[in-house]
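Survey of secondary and tertiary structure
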Amino acid sequence: MNRKDFVKTLGVLSFSLADVPFLPEIQGRIREHKTAFKKGLGYWMIDEDLSVLDKFKLVKDLGFQGIEMNSPLEVPIKELLAARDQTGVELPSTVNKDHWAKPLSDPDPSIRRFTIDSIAKSLAETKELGGDTVLVVPGVVSAEVSYQTAYQNALDSIRKLIPHAEKNGVKIGLENVWNNFILSPIEAKAFLDEIDHPLVGWYFDLGNILRYGWPEHWLEILADKVFKLHVKEFSTEAMNNQGLRAGFNVELGKGSVNWKSVMDKIRAINYQGDYLILEIGGGDRKHLEKLSRQLDDIMIS
């Protein structure tokens, strides 16, 4: 039985690792890494015509411990809380859904105010869901919005959100999403140092960064400021040969991310965010089952 088949079986059957013909070193790695981090995925990835409760049951059946919601919520919060309580599937974080279309860095103060209010609502909803982090894109640079303007407006907007984070006891995790802004880990650390608040850190995407860097380098520098991690794959070969977004057209674990090196670095920085959360193309039960197995494989890299 190869490692991938074993991981698949482990998620379905209940038996002792001592009964499996694996070397003790491999057994030890599985014991350690199967429990070190929890697996999550985005709610939007669940492409099945099911009730909220049955979606949570499906996710639990497939070995995930958490679901990440977009916020402000479109799903009734009472249904989410009921499904959480009945299944034990957690709601550890949310992604604010307004920060891209109406950036915190926009020159228009009314636009910035709209998104500050939206994120404030996300912070309150995340607290009610029992989560601890809201993903926020801090700014967007474009031909119309200079880097300097974006930087100063983003700093100002994040600072205005700190009282809301403090009120709810929920963290703000900043993330790069090909926004032409904060393009190196040194700059990311400097940005956080300027804010200098324990509830403001980084929500790091391990795949997006392959466009202009390596995740290990960012993890090393951001270290304890990494609040949460998104998992996706990216192929620099496909990007270079077929076009930028073609880089995402690759199976999880089959692209350019050096998952052994990444997982070693995640453990080395003593990552405290609990979760590895998939942010990748979703699908039906069969597809999500495959993704769960692939994430298992990454976690024992």
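Residues numbered from 1 in each chain as written. Predicted model: local features only at pLDDT ≥ 70, side-chain atom pairs only at ≥ 80, totals over all residues. Heavy atoms only, no water.

1. A few points about the side chain of Ser122
The condition is simple: A run of H or I in DSSP becomes a helix once it reaches four residues, and a run of E becomes a strand once it reaches two; helices and strands are each numbered from the N terminus. Two residues qualify as a contact provided that any one of their heavy atoms is within 4.5 Å of a heavy atom in the partner residue.
Within the secondary structure, Ser122 sits in helix 5 (residues 109-129). Look past the residues within four positions of Ser122 in its chain and what remains in contact with it is Ser71, Pro72, Thr94, Asn96 and Val134.

2. Quick notes on the packing of aromatic side chains
Put simply, the rule reads: Side-chain rings of Phe, Tyr and Trp, where Trp is taken by its six-membered ring, are said to pair if the distance between their centres is within 6.5 Å; with planes under 30 degrees apart they count as stacked, over 60 as edge-to-face, and otherwise as tilted. Think of it in three bands: with a 1.4 Å probe and only protein chains considered, a residue is buried below 20% of the maximum accessible area for its type, exposed above 50%, and partly exposed in between. A ring is scored as having a charge over it whenever the NZ atom of a lysine or the CZ atom of an arginine sits within 6 Å of its centre and within 35 degrees of its normal.
Applying the stated criterion across every chain yields a total of 10 aromatic pairs. Ring centres 5.5 Å apart and planes at 50 degrees place the aromatic pair Tyr147 and Phe181 in the tilted group. With Tyr147 in helix 6 (residues 147-168) and Phe181 in the loop between strand 5 (171-174) and helix 7 (185-195), this pair connects stretches of sequence that are 34 residues apart. Residue classification places Phe181 among the buried positions, given a relative accessible area of 0%. For the ring pair Phe204 and Trp218, a centre distance of 5.7 Å and an interplane angle of 20 degrees mean the geometry is stacked. One end of the pair, Phe204, is in strand 6 (residues 200-205); the other, Trp218, is in helix 8 (residues 215-222), and 14 residues separate them in sequence. Put simply, the rings of Tyr147, Tyr151, Phe181 and Phe191 touch in pairs and so form one group of aromatic residues. Over the face of the ring belonging to Phe64 we find Lys39, whose NZ or CZ atom lies 5.2 Å from the ring centre. The positively charged end of Lys102 is found above the aromatic ring belonging to Phe114, 4.0 Å away from the centroid.

3. Topic: the sheet that holds strand 1 (residues 38-42)
What counts here: When DSSP finds two or more bridges between two strands, those strands count as paired. A fitted line through C-alpha atoms represents every axis, and for helices the fit uses only the stretch in contact; the resulting angles, taken between N-to-C directions, go from 0 to 180 degrees.
Spatial ordering of the closed barrel is given by 1-2-3-4-5-6-7-8, a layout of 8 strands whose pairing is parallel. For this sheet the average axis-to-axis angle between neighbouring strands, irrespective of direction, equals 30 degrees. Sheet topology note: the strand 7 (residues 226-231)/strand 8 (residues 275-278) ladder contains 3 bridges and is parallel. Within strand 8, the position partnered with His230 by the bridge is Ile277. Docked against the sheet, helix 8 engages strand 6 and strand 7, running at close to 165 degrees with respect to strand 6.

4. Observations concerning the packing of helix 5 against helix 6
We apply this condition: Under this scheme an angle from 65 to 115 degrees is roughly perpendicular, one under 35 degrees roughly parallel, and one over 145 degrees roughly antiparallel; angles in between are oblique. Helix crossings are classified by the rotation of the near helix relative to the far one: an anticlockwise turn of less than a right angle makes the crossing left-handed, while a clockwise turn makes it right-handed.
Close contact between helix 5 and helix 6 brings their axes to 10 Å; oriented N to C, the two are set at 30 degrees. In terms of axis orientation, helix 5 runs roughly parallel to helix 6. Where helix 5 crosses over helix 6, the two elements pack in a sense that is right-handed. In this structure, helix 5 uses Arg112, Arg113, Ile116, Ile119, Ala120, Leu123, Ala124 and Lys127 to contact helix 6, whose residues at the interface are Asn153, Ser157, Lys160, Leu161, His164, Ala165, Lys167 and Asn168.

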